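# Notes for the structure review
Here's the letter readout for the chains.
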Amino acid sequence: MPLCRLIPILLLAGVFGASARADPLPVAVFDIEFVNFSQEVEFGATNAAERARARMLSDAFRRLVAQSGRYRLVDMAPAEADLALHGNPFSCNAFEADIAARLGAERSFAGAVQKLSVLVQTIVIRERDARTGEVLALYQTDIRGNTDEAWRRGLSWLMKNRMLPGTAALDGG
């Protein structure tokens with residue numbers, strides 16, 4: 001095929017290929033849960049600073065997801081009654097997919113910071129398909145230190161080095 005006929009085809013393919021990924025994917029982003037596995041206090045206990053830090057990380061995660069340009073956050077307000085009834089979706093068995101689908105999302109993100117000791121925490125984010133409930137990916141990183149700065153730095157690293165390069169929602173699988 002002569003090049004003059006091939007160029008319009010390549011241009012159209014580029015336009016349509018780009019438009020398939022140009023629209024941000026609608027996602028439901030649930031609050032990040034704090035889970036204390038350490039033995040420094042009664043198993044599962046949390047303190048006010050750690051609860052505040054989990055809220056701070058939830059807000060930061062939503063900002064990073066929205067700023068990535070890959071996603072459009074759906075309004076989570078209609079899910080408040082379900083979340084109050086069932087608790088945080090990270091600890092439950094796939095009910096976040098149902099909620100995400102009802103909210104018009106194609107994917108959901110639920111996460112937790114798991115405190116293993118005074119020094120070691122792990123940030124885990126789970127990505128699920130809202131239609132099937134299938135877990136598409138788990139993104140995780142360990143952090144050292146139980147401070148706002150350590151948690152923010154860990155989340156930023158996780159987004160940059162794990163989630164955005166390999167997000168299951170965008171790489172076809």
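Our structure's up above, just so we're on the same page.
Below, the structure is looked at part by part. (Residues numbered from 1 in each chain as written. Predicted model: local features only at pLDDT ≥ 70, side-chain atom pairs only at ≥ 80, totals over all residues. Heavy atoms only, no water.)

## Some remarks on the nonpolar core
Side chains that are nonpolar tend, in soluble globular proteins, to be buried together. How we decide: What is meant by a nonpolar core is a set of buried Ala, Val, Leu, Ile, Met, Phe, Trp, Tyr and Cys residues, joined one to another through side-chain atoms within 4.5 Å. A simple rule labels every residue: compare its accessible area, found with a 1.4 Å probe on the protein chains alone, to the largest value its type can have, and call it buried under 20%, exposed over 50%, or partly exposed in between. Helix and strand definitions here come from DSSP, where helices need a minimum of 4 consecutive H or I residues and strands a minimum of 2 consecutive E residues; each element is numbered from the N-terminal end. Note on contacts: a residue pair is in contact if any heavy atoms of the two residues lie within 4.5 Å.
Counting residues in hydrophobic clusters, the biggest one holds 24 residues, and the most contacted among them are Phe 61, Phe 109, Ile 123, Ile 125 and Trp 151. Those elements that place two or more of their residues in this core are β1 (25–36), α2 (48–67), β3 (107–115), β4 (120–129), β5 (135–144) and α5 (148–166). When residues in this core are grouped by element, the largest group, 6 residues, is from α2. Beyond its immediate sequence surroundings of up to four residues, Ile 123 is in contact with Leu 57, Ala 112, Val 113, Tyr 139, Gln 140, Thr 141, Ile 143, Trp 151, Gly 154, Leu 155 and Leu 158. With 16 residues, the next largest nonpolar core counts Ala 79, Ala 100, Leu 103 and Val 124 among its residues.

## Let's talk about the packing of aromatic side chains
This is how it is decided: The pairing test for Phe, Tyr and Trp rings, Trp by its six-membered ring, is centres within 6.5 Å, and the orientation test on the planes gives stacked under 30 degrees, edge-to-face over 60, and tilted for anything in between.
According to the stated counting rule, one finds 3 aromatic pairs in the structure shown. Considering the side-chain rings of Phe 34 and Trp 151, the 5.8 Å spacing of their centres and the 20° angle between planes classify their relative orientation as stacked. Taken together, the positions of Phe 34 in strand β1 and Trp 151 in helix α5 put the pair 117 residues apart, joining distant regions of the chain. Take Trp 151: its relative accessible area is 0%, and that puts it in the buried class.

## Things to note about the pairing of β3
We count it as follows: Any two strands between which DSSP finds at least two bridges are classified as paired.
Judged by how many residues are buried, β3 sits mostly within the fold: 8 of 9 residues are covered. Both β1 and β3 contribute to a ladder of 8 bridges, which runs parallel. The residue bridging Val 27 from the neighbouring strand is Arg 107, located in β3. Turn length for the β3-β4 hairpin, with the two strands adjacent in sequence and antiparallel, is 4 residues.

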